[in-house]
Amino acid sequence: MTDPRPRVTRDGTRWSNADQDRVGDLVAYDPSWPAQYEAEAHAIRAALAGLTDFELAHFGSTAIPGLAAKPIIDIMLVSRDQAAWPALIEPIKGLGYVFWEDNPRRDRLFFVKGMPPFGPRRTHHLHVRTPDDARAALVFCEYLRRHPEEAERYAALKRAS
């Protein structure tokens, strides 16, 4: 069965949905972001139950209390068993995510929820990585959670760029 949704393509310079896919500006921290993560994590766990062992983590700027961020919930799905990853694709797509088939990083999977033309704006990113590959991003996130002064310095860098 073919996917009836439109396909996002790249012409070598830009993505076909570039005009509609505005990731957006930084916004003030939203205290609902952790609950948004938990709701999505619950749906992912249910959709992937029994397919492989994995852990989920909320990471990125929306996971740092008080930090301004682009309002996209970043979720890391950490799984050692890369051989099982292809079986995750359809259940994740069933939750409304678009799979980036053309990802040049063949050692990772990446999914986007809400991206035009499939929705009005991006709401979630789901990153599938091995434990070794995920470590740096998760450690950085945890560091910022434990060091609010460093999180504020990071926020200043984000606002300046």
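Please refer to the structure higher up on the page.
About the thresholds
Per chain, the residues get numbers from 1 upward, laid out in the order the sequence is written. Only residues with pLDDT of 70 or above have their local features reported here, since the model is predicted, and side-chain atom pairs are shown and tallied only from 80 upward, although totals for entire chains, interfaces and linings are computed over all residues. Hydrogens and water are ignored here; the side-chain numbers use all heavy atoms of the structure. Paired strands, as defined in this entry, are two strands with at least two bridges between them according to DSSP. Helix and strand labels come from DSSP, where a helix needs a run of H or I of at least four residues and a strand needs a run of E of at least two; each type is numbered from the N terminus. Only C-alpha atoms enter the line fits that serve as axes; for helices the fit covers just the stretch in contact. Angles between N-to-C directions range over 0 to 180 degrees. Every residue pair with non-hydrogen atoms within 4.5 Å of one another is taken to be in contact. The criterion is simple. A nonpolar core is a set of buried Ala, Val, Leu, Ile, Met, Phe, Trp, Tyr and Cys residues joined through side-chain atoms within 4.5 Å. Relative accessibility under 20% of the residue-type maximum defines a buried residue, over 50% an exposed one, and the middle range a partly exposed one, all with a 1.4 Å probe and only protein chains included. Orientation categories follow fixed angle ranges, with anything under 35 degrees roughly parallel, anything over 145 roughly antiparallel, 65 to 115 roughly perpendicular, and all other angles oblique. Gly is placed with the polar residues, together with every amino acid not listed as nonpolar (Ala, Val, Leu, Ile, Met, Phe, Trp, Tyr, Cys and Pro) or charged (Asp, Glu, Lys and Arg). Any two of the Phe, Tyr and Trp rings considered here, Trp counted by its six-membered ring, make a pair once their centres fall within 6.5 Å; the pair's planes then place it as stacked at under 30 degrees, edge-to-face at over 60, or tilted in between. To estimate the expected span of a helix, subtract one from its residue number and multiply by 1.5 Å. The working definition used for a salt bridge is a side-chain nitrogen of Lys or Arg within 4 Å of a carboxyl oxygen of Asp or Glu.

A. Geometry of the sheet that holds strand β2 (residues 73-78). As summarised here, the arrangement of the 5 strands in space is β1-β2-β5-β4-β3, forming an open sheet in which the pairing is mixed. At either margin of the open sheet sits one strand with a lone partner, and together these are β1 (55-59) and β3 (97-99). Going from strand to strand, the sheet's axes swing by 25° on average, the running direction of each strand aside. Sitting on the sheet, helix α2 (residues 86-93) is in contact with β2, β3, β4 (109-113) and β5 (124-129), with an inclination near 145° to β3.

B. Main features of the side chain of H127. Along the chain, H127 falls in strand β5. Among residues more than four places away in sequence, those in contact with H127 are F59, D74, I75, M76, L77, L109 and F110.

C. Highlighting the nonpolar core. Among the nonpolar cores identified, the biggest contains 20 residues, and I44, I75, L77, F111 and L126 are the most heavily contacted of them. Only α1 (33-48), β2, α2, β3, β4 and β5 provide two or more residues apiece to this core. Apart from the residues lying within four places of it in its own chain, the contact partners of I44 are F54, L56, I75, L77, L95, Y97 and L126. Among the nonpolar cores identified, the runner-up in size contains 12 residues, and F59, L67, M76 and V78 belong to it.

D. View of the packing of helix α3 (residues 131-146) against helix α4 (residues 148-160). Between α3 and α4, the shortest axis-to-axis distance is 5 Å and the interhelical angle comes to 115°. When the axes of α3 and α4 are compared, the pair comes out roughly perpendicular. From α3, F140, Y143, L144, R145 and R146 reach across to α4, where they touch P148, E150, A151 and Y154. Split by residue class, the contact of α3 with α4 holds 6 nonpolar, no polar and 3 charged.

E. Expanded view of the packing of aromatic side chains. In the structure shown here, the tally under the stated rule is 4 aromatic pairs. Ring plane angle 35° and centroid distance 5.0 Å describe the contact between F99 and F111, whose orientation is recorded as tilted. Taken together, the positions of F99 in strand β3 and F111 in strand β4 put the pair 12 residues apart, joining distant regions of the chain. Here the two residues F99 and F111 agree in accessibility, since each one is buried. With a centroid separation of 5.3 Å and 85° between ring planes, the pair formed by F140 and Y154 is classed as edge-to-face. Taken as a pair, F140 in helix α3 and Y154 in helix α4 lie far apart in primary sequence, 14 residues in all.

F. Geometry of α1. With 16 residues, α1 extends 22 Å between its outermost C-alpha atoms, agreeing within 8% with the 22 Å of an ideal straight helix rising 1.5 Å per residue. In this fold, the buried residues of α1 make contact with β1, β2, α2, β3, β4 and β5. Phi turns positive one or two residues past the end of α1, at G50, with a value near 85°.

G. Layout of the pattern of salt bridges. This model, assessed by the stated rule, comprises 11 salt bridges. Between K113 and E40 there is a salt bridge, with its nearest N and O atoms 2.9 Å apart. With K113 in strand β4 and E40 in helix α1, this residue pair connects regions lying 73 residues apart in the sequence. The partner of R135 in a salt bridge is D132, with the nearest N and O atoms 3.2 Å apart. Residue R135 and its partner D132 are located together in helix α3, separated by 3 residues, close to a single helical turn. On the basis of relative accessibility, which here comes to 45%, the residue R135 falls in the partly exposed class.

Note that all results are geometric; they support no functional claim without further evidence.
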